[in-house]
Each structure stands twice: as C-alpha cells, then as structure tokens.
Amino acid sequence: METVVGQNVLELLSVIILSGIKFLFAPIISIGYGYNFLQTLLITSVGGILGIFFFYYLSKWIIKKYYHYCPVVVSYFAGEEAKQKLIQSQCGKKSKKSFTKKNKFIIKARKNYGFFGIILLTPILLSIPIGAFLAQKYYSKNKRILIYLSLSVTIWSACLSSMYFLF
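A few points on the structure. Treat the numbers as computed from the prediction; the structure is a model and nothing was measured.

Conventions and cut-offs
- Residues numbered from 1 in each chain as written.
- Predicted model: local features only at pLDDT ≥ 70, side-chain atom pairs only at ≥ 80, totals over all residues.
- Heavy atoms only, no water.
- Helix = DSSP H or I, 4+ residues; strand = E, 2+ residues; numbered from the N terminus.
- Contact = heavy atoms within 4.5 Å.
- Core = buried A, V, L, I, M, F, W, Y, C linked by side-chain atoms within 4.5 Å.
- Buried < 20%, exposed > 50% of the residue type's maximum accessible area, 1.4 Å probe, protein only.
- Phe/Tyr/Trp six-rings, centres within 6.5 Å; stacked < 30°, edge-to-face > 60°.
- Polar contact = N/O pair within 3.5 Å; in protein donor to acceptor, adjacent residues only side chain to side chain.
- Patch = residues over 30% accessible without salt bridge, like charges linked within 9 Å, V, L, I, M, F, W, Y side chains within 5 Å.
- Areas by Shrake-Rupley, 256 points an atom, 1.4 Å probe, with all protein chains shown as cover.
- Salt bridge = Lys/Arg side-chain N within 4 Å of Asp/Glu carboxyl O.
- Expected span 1.5 Å × (residues − 1).
- Arc of directions from axis to C-beta.

The helix and strand tally for the protein stands at seven helices and zero strands. Helices and strands in the protein line up, N terminus first, as α-α-α-α-α-α-α. Counting contacts in the protein only where the partners sit at least 6 residues apart, residues at least 24 apart contribute 71% of the total.

Turning our eyes to something else, we now look at the nonpolar core. In this structure, Ile 52, Tyr 56, Ile 128, Ile 145 and Leu 149 are the most contacted members of the largest nonpolar core, which totals 21 residues. Secondary-structure elements contributing two or more residues to this core are α3 (37-78), α5 (101-126), α6 (128-139) and α7 (145-166). In terms of residue count, the dominant contributor to this core is α5 (seven residues). Residues in contact with Tyr 56, not counting those within four places in the same chain, are Ala 132, Ala 135, Gln 136, Ser 140, Ile 145 and Leu 146.

This brings us to the packing of aromatic side chains. Inspection of every chain in the model, using the stated rule, returns eight aromatic pairs. Taking the centre distance of 4.9 Å and the plane angle of 80° together, the rings of Phe 115 and Phe 116 count as edge-to-face. For Phe 115, a relative accessible area of 14% translates into the label buried. When its relative accessible area of 54% is taken as the criterion, Phe 116 is described as exposed. Relative to Tyr 148, the ring of Phe 115 has its centre 5.6 Å away and its plane inclined at 80°; by these criteria the two rings are edge-to-face.

Attention now goes to the side chain of Ser 30. Positionally, Ser 30 belongs in helix α2 (residues 26-32). A relative accessible area of 0% means that Ser 30 is categorised as buried. A distance of 3.0 Å separates the side chain of Ser 30 from the side chain of Thr 40, its partner in a polar contact. In this structure Ser 30 touches Val 15, Tyr 35 and Thr 40, once residues within four positions along its chain are discounted.

With that settled, the discussion passes to a nonpolar patch on the surface. Residues Val 9, Leu 10, Leu 13, Ile 17 and Ile 21 make up a contiguous nonpolar surface patch of about 460 Å² in total accessible area. By the element assignment, Leu 10 lies in helix α1 (residues 2-21). What makes Leu 10 exposed here is its relative accessible area of 60%.

This part is about unusual backbone geometry. Of note, the phi angle at Ser 127 is positive, near 85°, even though the residue is not glycine. In this fold, Ser 127 is placed in the loop between α5 and α6.

Turning our attention to α7. A rise of 1.5 Å per residue sets the reference length of α7, with its 22 residues, at 32 Å; its end C-alpha atoms lie 31 Å apart and thus fit the reference within 8%. Listing the buried residues of α7 in full gives Ile 145, Leu 146, Leu 149, Ser 150, Ser 152, Val 153, Ser 157, Leu 160 and Ser 161. The arc that holds the buried residues of α7, viewed along the axis, is 155°, so those residues lie on one side. Exposed positions of α7 whose direction lies more than 90 degrees from the buried face are Ile 147 and Leu 166.

Read these as layout, nothing more, since geometry by itself doesn't imply function.
Next comes the structure, spelled out in structure tokens:
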C-alpha cells in the first residue's frame, strides 16, 4: 500500500515538474499516468504556474548577480582598465553576439509580437524557463506579467488537455 501511494506521489511530482519546465509534454504524461481531464488540467496548470514563478524570480536573481559580478570577474582576468570599459559599456552589452536559430526565433518573436507574443508562446514554444527569463529581462516593470503568464499557462493547459483527450 505504501509503495502505491509513494508511486502516485512520484507520478504527480514528475508531472508538476515537467509542467514547470517543458509544458507541452506534461498533459501527455499526465494522461499516460491515468489522470482524468480535470486532474490533468489542474496538475499541469499548477506545475506551469509554479515553474513560471520559480524561473521568473530565479531569472531576476541571476540578472542581478550578473550585473554585480561581471565587472569583478572581468577585472580579475583582464585588469582594472578593462573593468572600467566594461562598466561604461554596461557589462558587455555592445559585444558581438552569435545567433542561433533559437536566438533568432526569440528576437523575431519579441520584435514582431512583443509582450503578448512572449506570453502566448511561452508555455508551448519557448518553454517556461526561457519565457520567464525573457519576461523578467524585458517586461519586469509590468506588474501584471506574472498574472498574464499564469493565464496563458492555464489556457494552454485547457487547450492541450482537451486536444489530447479528444484524440
């Protein structure tokens, strides 16, 4: 009996964690574990929302630490003069960046669709960690960003769960 309960808890946690990282696949896994439509909707929504909050605030911390420690690291390896140049250029913002297909997609999505594009695409295409990072980096001044992202996750959860249950 205890192993059945333990197994159910592990299944539940795995769906919640998957929902918070790669949301698109979570409803399929949830259905595979035998959860019904309402349970799948609830579990994937809660997992996605927890993932959004976790990665949003983790991104805030990472960005803050990056701007705090970047000049220190540069001065350690390149000297004080390089540190001053780096501070003036806002910690390397003007350096040439390499573009991958994913980077180009993210830039194109932000440029073409902006705020609501990131909100709409986060759960299914961008993944929750990347979408939360972009929301924190570009739209953190908008006080409703977490509400919008949570709504997006809930709506996508309903759509994906419905689609997977119908087919």
